[in-house]
Amino acid sequence: MVVMVPSLIKQQVLKNVRIDPSSLSFDMWKQIPVPFYLSVYFFHVLNPNEVLQGGKPQVQERGPYVYREFRHKSNITFNDNDTVSFLEYRSFQFQPHKSRGLESDYIVIPNILVMSAAMMMEDRPMSLKLMMTLAFTTLGERAFMNRTVGEIMWGYEDPLMNLINKYFPNMFPFKGKFGLFAELNNSNSGLFTVFTGVKDFSRIHLVDKWNGLSKVSFWHSDQCNMINGTAGQMWAPFMSPESSLEFYSPEACRSMKLVYKEAALFEGIPTYRFVAPSTLFANGSVYPPNEGFCPCRESGIQNVSTCRFSAPLFLSHPHFYNADPVLAEAVAGLHPNPEEHALFLDIHPVTGIPMNCSVKLQLSLYMKAVRGIGQTGSIQPVVLPLLWFGESGAMEGKTLQSFYSQLVLLPKVLHYAQYVLLALGCVLLLVPIVYQIRSQEKCYLFWSGSKKGSKDKEATQAYSETLMTSAPKGTVLHEARL
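Note that this is a predicted model, so its numbers are computed, not measured.

Novice: Explain unusual backbone geometry to me, please; I cannot follow it from the model alone.
Specialist: Most peptide bonds take the trans configuration, and most residues that are not glycine carry a negative phi. Cis peptide bonds are those with omega within 30 degrees of zero, and the linkage from Gly-63 to Pro-64 qualifies with 15°. On the secondary structure map, Pro-64 appears in strand β2 (residues 59-78). Residue His-205 is not a glycine yet carries a positive backbone phi of 70°. Within the secondary structure, His-205 sits in the loop between β6 (187-195) and β7 (207-210). Classification of His-205 by relative accessible area gives buried; the value is 5%.

In structure tokens:
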């Protein structure tokens, strides 16, 4: 068992984490049993009129507004090249008892459509800008809007949106309503093709293609356009502290890499915690490999306009955590700290299955006054946070108990059993050895006693014979008579 048990455990893990209908983890991969929650925090602008006049924005964090996230895979197709293709659908349900507020709450945030259109027109002729100003005025559009949480999340009717869809039908992915999460609800994140690990285990869970592409074309370097890592749900087993977590995120339009931080325990299960490095959203001057994501602004925010219909949107950690301090200082009401705003994933290193995770990201809008478009007023250039969200999930209930029993408790029992059996074997070996030694001792004593008795008998007989042969005739008779 000392020789074979580690090998047997490894074989069982390899067999049961691959993407195959016969593996124990297949149902977990197909429909994640872990309850996921999306928590959204909005940055309510307290002084929109002052911002239009060139003042410093002041925001108030509102939320969380919590949604239960349901995920399931469909159109699962196993291919001949050791890959499987699938679509993963997501849907969200509001959870009032977990939220601090209702979807009917009103939030004042920048009008993304107006500010994006204004930025796109910045270098266009003045006549076009004046026409846009007139169109905005006619449609009642302003730089800031007061909308409900539900409208901002899942969409609202907007006359500007209808106008754009009428004359520029392919400009936005939205048809009808415009909402920041409208394209995520009851939809999929694209066609993923990943390696199953059945034939070649070294590539298990790695993404082969996304929407038929081996690399994307959003960025300005081959390295930044690469689709690396997994689909973000499971990783290769048998990790070490030197391992990293790499995955492709369709929402961020890029691959991301997390690094090892520390070993820990989750509900008695050993885990490795992986976190975002400080270079994740660093600009090209701070971290040259990120140069392909530019044009860049301050370090710590990533320009995602190339994959978000050219809107000046930026991705970062919440409250500009791990970013250039000047970003948080430009907006009153931001308080970055690692406890609340850092992301992490806790992975079981033997299987590569996530136990506990919390991914937190912030979406911000770059806005400024555009000469010729009256709705932008005198807004000073600023990267203004719109919202930040956290996707979190932790294994629990029967799934956790089953995982602990099969992948933690059983290997532990086998691990200690081999030493118990080894000790028992040593005891059983000692029993015949002790018995043999004691048997030999008895034989020796018996043999020694027998030999001594025989010698005494022989000595007596010899003495008697000596007496008989050495005495004169008649002596013995005479003595006997006497």
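Novice: Where do I start with the side chain of Thr-351 in this structure?
Specialist: Counting through the fold element by element, Thr-351 comes out in the loop between β13 (344-348) and β14 (353-367). Among the polar contacts made by the side chain of Thr-351, one reaches the side chain of His-348 at a distance of 2.9 Å. At a separation of 3.4 Å, a polar atom in the side chain of Thr-351 contacts the main-chain amide nitrogen of Ile-353. Residues within four places of Thr-351 in sequence aside, it is in contact with Val-13, Val-17, Trp-235, Ala-236, Pro-237, Phe-403 and Leu-407.

Novice: Explanation requested: the environment of Val-40 in the structure shown.
Specialist: Within the element layout of this structure, Val-40 appears in strand β1 (residues 36-45). For Val-40, a relative accessible area of 0% corresponds to the buried category. Separated by 23 residues in the primary sequence, Val-40 and Gly-63 place their C-alpha atoms 6.5 Å from one another. Those residues in contact with Val-40, other than ones at most four positions away along the chain, are Arg-62, Gly-63, Pro-64, Tyr-65, Met-153, Leu-387, Trp-388 and Phe-389.

Novice: Looking at this structure, how should I read the pairing of strand β4 (residues 106-110)?
Specialist: Consecutive residues of a regular strand have side chains that alternate between opposite faces of the sheet. Counting buried positions along β4 yields 4 of 5 residues, so the element is predominantly enclosed. The sheet contact formed by β4 and strand β5 (residues 144-148) spans 5 bridges and is antiparallel. In the sheet register, Pro-110 faces β5, and the bridge partner there is Phe-144.

Novice: Help me understand helix α4 (residues 112-120), please; the structure alone is not making it clear to me.
Specialist: In an α-helix, one turn spans 3.6 residues, which is why side chains three or four residues apart end up on the same side. Taking burial as the measure, the 9 residues of α4 include 8 buried ones, the bulk of the element. Every buried residue of α4 is accounted for by Ile-112, Leu-113, Val-114, Met-115, Ser-116, Ala-117, Ala-118 and Met-119.

Novice: Explain the state of the cysteines here, please?
Specialist: Put plainly, a disulfide is one covalent bond tying together the sulfur atoms of two cysteines. For the structure shown, the criterion picks out 2 disulfides. Disulfide pairing places Cys-253 opposite Cys-307 at an S-S distance of 2.2 Å. Classification of the bridge connecting Cys-253 and Cys-307 rests on its S-S torsion, roughly 90°, and on that basis the disulfide is right-handed. Here Cys-307 lies in the loop between β11 (301-303) and β12 (313-316) and Cys-253 lies in the loop between β8 (244-249) and β9 (254-266), a separation of 54 residues in the sequence. Of the two residues examined, Cys-253 and Cys-307, each falls in the buried class. One disulfide bridge connects Cys-294 with Cys-296, the sulfur atoms lying 1.8 Å from each other. Residues Cys-294 and Cys-296 are joined through a disulfide that is left-handed, its torsion about the S-S bond being -90°. For Cys-294, a relative accessible area of 12% corresponds to the buried category. Using a relative accessible area of 31% as the deciding quantity, one classes Cys-296 as partly exposed. By sequence order of its bonded cysteines, the protein has the disulfide arrangement 1-4, 2-3. Sulfur of Cys-224: no disulfide; nearest cysteine sulfur belongs to Cys-294 and is 8.4 Å away. Look at Cys-224 and you get buried, because its relative accessible area is 5%.

Rules used in this analysis
- Residues numbered from 1 in each chain as written.
- Predicted model: local features only at pLDDT ≥ 70, side-chain atom pairs only at ≥ 80, totals over all residues.
- Heavy atoms only, no water.
- Helix = DSSP H or I, 4+ residues; strand = E, 2+ residues; numbered from the N terminus.
- Buried < 20%, exposed > 50% of the residue type's maximum accessible area, 1.4 Å probe, protein only.
- Polar contact = N/O pair within 3.5 Å; in protein donor to acceptor, adjacent residues only side chain to side chain.
- Contact = heavy atoms within 4.5 Å.
- Pairing = 2+ DSSP bridges.
- Disulfide = S-S within 2.5 Å.

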